[in-house]
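Remarks on the overall topology
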Amino acid sequence: MDCKEILEGLSEYIDEELAEKTCLEIESHLKDCYNCRVVVSTLRRTVTLYREVPAPEIPGDVRTRLHAVIRLKGETG
Amino acid sequence: MENTVPTDSQLIAEIKDGSADALEDLMSRYESRVYSLAYRMLGNKEDAEDVLQDTFLNVVRSIDGFRSQSSFSTWLYRVAANAALTKLRKKSKREKSEGEFLDEVYSVREAAHSESSLVDWSDGPAERLLNDEARQVMDEAVAELPEKYRVVFVLRDVEGLPAAEVADVLDLSIPAVKSRLHRARLYLRNRLSDYFTGETV
């Protein structure tokens, strides 16, 4: 596998969705390719960084207005 | 008296019978998730609130047609994703064209092939990687994703839905979800690499 083929499969690789044989091929390439290793580690970190950002909380006034709007809709049909 | 928490299906049956309380309960159960999805897709509180209201107004309007053999949350995410995409299309765009986006995605190929070594910023301290300025760069990078990539990335990586459910929500094949997700991630990786290292790729 060359760098281009490796790069195509990296999301499935970091998500652990690839067959063992393909993983071994990727790992064999990574052992000898520093730049692809950096892409793997920074891609993985990119995904975890986005997961670490706390979810935006729904503000209290937004929730109050939502329930008022929907209740009004229920009353008027 | 039974004290068990009603299932979504039970609440929906009560809503179909006209129960306003059941509707309140169902909204309370899901409003945070819808708001979060909308905020991540649109990037601001005002638009997220509009999408939130549009989503639940659509739910009220079409709940009679909902058949409980499919999951309510999948159906709700579909309604919410469509509301967010409709809103997004009415707005001035920060997103890249498909061509610009793909050029950026595949610049990683040349970078990996190049003689010079890439900089590995992945083990940087969390306080640096998640400071306010970095968070802003992350938000801007998501806003630049063309919508078909953004919606997949937000549902899968930010909201944490399994790929199969994202496929169901968006009426896509699982391979299409995975391919869009991968391109979105590579784009975001490149943008964060620019920021964290000052490198050009």
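This report concerns the structure included in the present document. This one's a predicted model, so the numbers in the text were calculated from it and none came from an experiment.

**Side note on the pattern of salt bridges**
Here the structure, examined in full by the defined rule, presents 24 salt bridges over all chains. Two residues, K21 of chain A and E25 of chain A, come together in a salt bridge whose shortest N-O distance is 3.3 Å. In this pair, K21 of chain A and E25 of chain A are both assigned in helix α3 (residues 20–32), 4 residues apart and thus about one turn of the helix distant. For K21 of chain A, a relative accessible area of 61% corresponds to the exposed category. With its nearest N and O atoms 2.6 Å apart, the salt bridge here joins R65 of chain A to E49 of chain B. Residue R65 of chain A is found in helix α5 (residues 60–76), and its partner E49 of chain B is found in helix α3 (residues 45–62); the two belong to separate chains. Assessed through its relative accessible area of 37%, R65 of chain A is described here as partly exposed. Ionic contacts of the salt-bridge type, sharing partners, join the residues E12 and E17 of chain A together with R156 and K178 of chain B into one network.

**Structural notes on the packing of aromatic side chains**
Residues and elements named next belong to chain B. On inspection of all chains with the given rule, the structure shows 10 aromatic pairs over all chains. Geometrically, the ring pair formed by F66 and W75 is tilted, given 4.9 Å between the ring centres and 45 degrees between the ring planes. Judged by its relative accessible area of 15%, W75 is buried. An angle of 35 degrees between the planes, with centres 4.8 Å apart, marks the rings of W121 and F196 as tilted. Of this pair, W121 sits in the loop between α5 (98–113) and α6 (126–129) while F196 sits in helix α10 (residues 174–197), and the two are 75 residues apart along the sequence. For W121, a relative accessible area of 3% corresponds to the buried category. Note on F196: relative accessible area 7%, which makes it buried. One aromatic cluster in this structure is built from Y30, F66, F72 and W75.

**Description of the nonpolar core**
Residues and elements named next belong to chain B. One finds M41, F56, F72, F153 and L155 to be the most contacted residues of the largest nonpolar core, which totals 93 residues. Mapped onto the domain boundaries, this core takes at least three residues apiece from domain 1 (8–90) and domain 2 (98–200). Setting aside its immediate chain neighbours within four residues, F72 contacts D8, I12, L26, Y30, I63 and F66.

Rules used throughout
Residues take numbers from 1 onward in each chain, read along the sequence in its written order. Chains carry letters and ligands carry numbers; both start at the beginning, A for chains and 1 for ligands, and go up in the order they are written. The predicted origin of the model limits local features to residues at a pLDDT of at least 70 and limits the giving and counting of side-chain atom pairs to 80 or more, whereas totals for whole chains, interfaces and linings rest on all residues. Just so you know, side-chain values use all the structure's heavy atoms and leave hydrogens and water out. Salt bridges are defined by distance alone: a side-chain nitrogen of Lys or Arg within 4 Å of a carboxyl oxygen of Asp or Glu. The helix and strand labels rest on DSSP assignments: H or I over at least four residues marks a helix, E over at least two residues marks a strand, and numbering proceeds from the N terminus. Only protein chains enter the calculation, and the probe is 1.4 Å; a residue is then buried if its accessible area is under 20% of its type maximum, exposed if over 50%, and partly exposed in between. Only Phe, Tyr and Trp rings are paired, with Trp represented by its six-membered ring, and only when their centres lie within 6.5 Å; those with planes under 30 degrees apart are stacked, over 60 edge-to-face, the remainder tilted. Side-chain atoms within 4.5 Å are what join buried Ala, Val, Leu, Ile, Met, Phe, Trp, Tyr and Cys residues into a set we call a nonpolar core. Residue ranges assigned to each domain were obtained from an automatic or database domain assignment. Working rule for contacts: check all heavy atoms of both residues, and any pair within 4.5 Å makes them a contact.

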